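# Coordinate inspection notes
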Amino acid sequence: MSLNIKPISDRVVIEPMAAETTTASGIIIPDTAKEKPQKGTVVAVGNGKKDYTMSVKTGDVVLYGKYAGTEFKYEGKDYLIMREEEIYAIL
């Protein structure tokens, strides 16, 4: 997961996990009904703000809001960049 992007301040870059394709009972979910994933892996972390250190680190699996962050593509992969405060939990 070597990424040549260094976020500034308190921002993190997250690689979203793939959306689930089947339900617990085995029903296949069509592409039009899939929800945005709310879980992902941190691939890059900024330095933090003055008097504030970052609590997430590269490789952490995190939960974030459904509409949190800004989506972007880099080298053919989808990523999100967001402030650390938009992350709800580290799993």
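Up top is the structure.
Structural notes, computed from the coordinates. Keep in mind it's a predicted model, so treat the numbers as computed, not measured. (Residues numbered from 1 in each chain as written. Predicted model: local features only at pLDDT ≥ 70, side-chain atom pairs only at ≥ 80, totals over all residues. Heavy atoms only, no water.)

The strand order across the open sheet built from six strands is β4-β5-β1-β2-β3-β6, with neighbouring strands paired in antiparallel fashion. If you trace the sheet from one side to the other, it starts and ends with β4 (70-74) and β6 (87-90), each paired once. Averaged over all pairs of adjacent strands, the angle between strand axes in this sheet comes to 45°, irrespective of strand direction. Inspection of the sheet shows strand β3 (residues 61-64) paired to β6 by three bridges, in the antiparallel sense. (Pairing = 2+ DSSP bridges. Helix = DSSP H or I, 4+ residues; strand = E, 2+ residues; numbered from the N terminus. Axes fitted to C-alpha atoms, helices over the stretch in contact; angles between N-to-C directions.)

What follows concerns the pattern of salt bridges. This structure, assessed with the given rule, holds four salt bridges. In this structure, the salt-bridge partner of K77 is E15, at a minimum N-O distance of 3.8 Å. Taken together, the residues K77 in strand β5 (residues 77-83) and E15 in strand β1 (residues 11-16) connect sequence positions 62 residues apart. With relative accessibility at 22%, the residue E15 sits in the partly exposed group. Close ionic contact of K57 with D60 constitutes a salt bridge, the shortest N to O distance being 3.6 Å. Residue D60 is classed as buried on the basis of its relative accessible area of 11%. (Salt bridge = Lys/Arg side-chain N within 4 Å of Asp/Glu carboxyl O. Buried < 20%, exposed > 50% of the residue type's maximum accessible area, 1.4 Å probe, protein only.)

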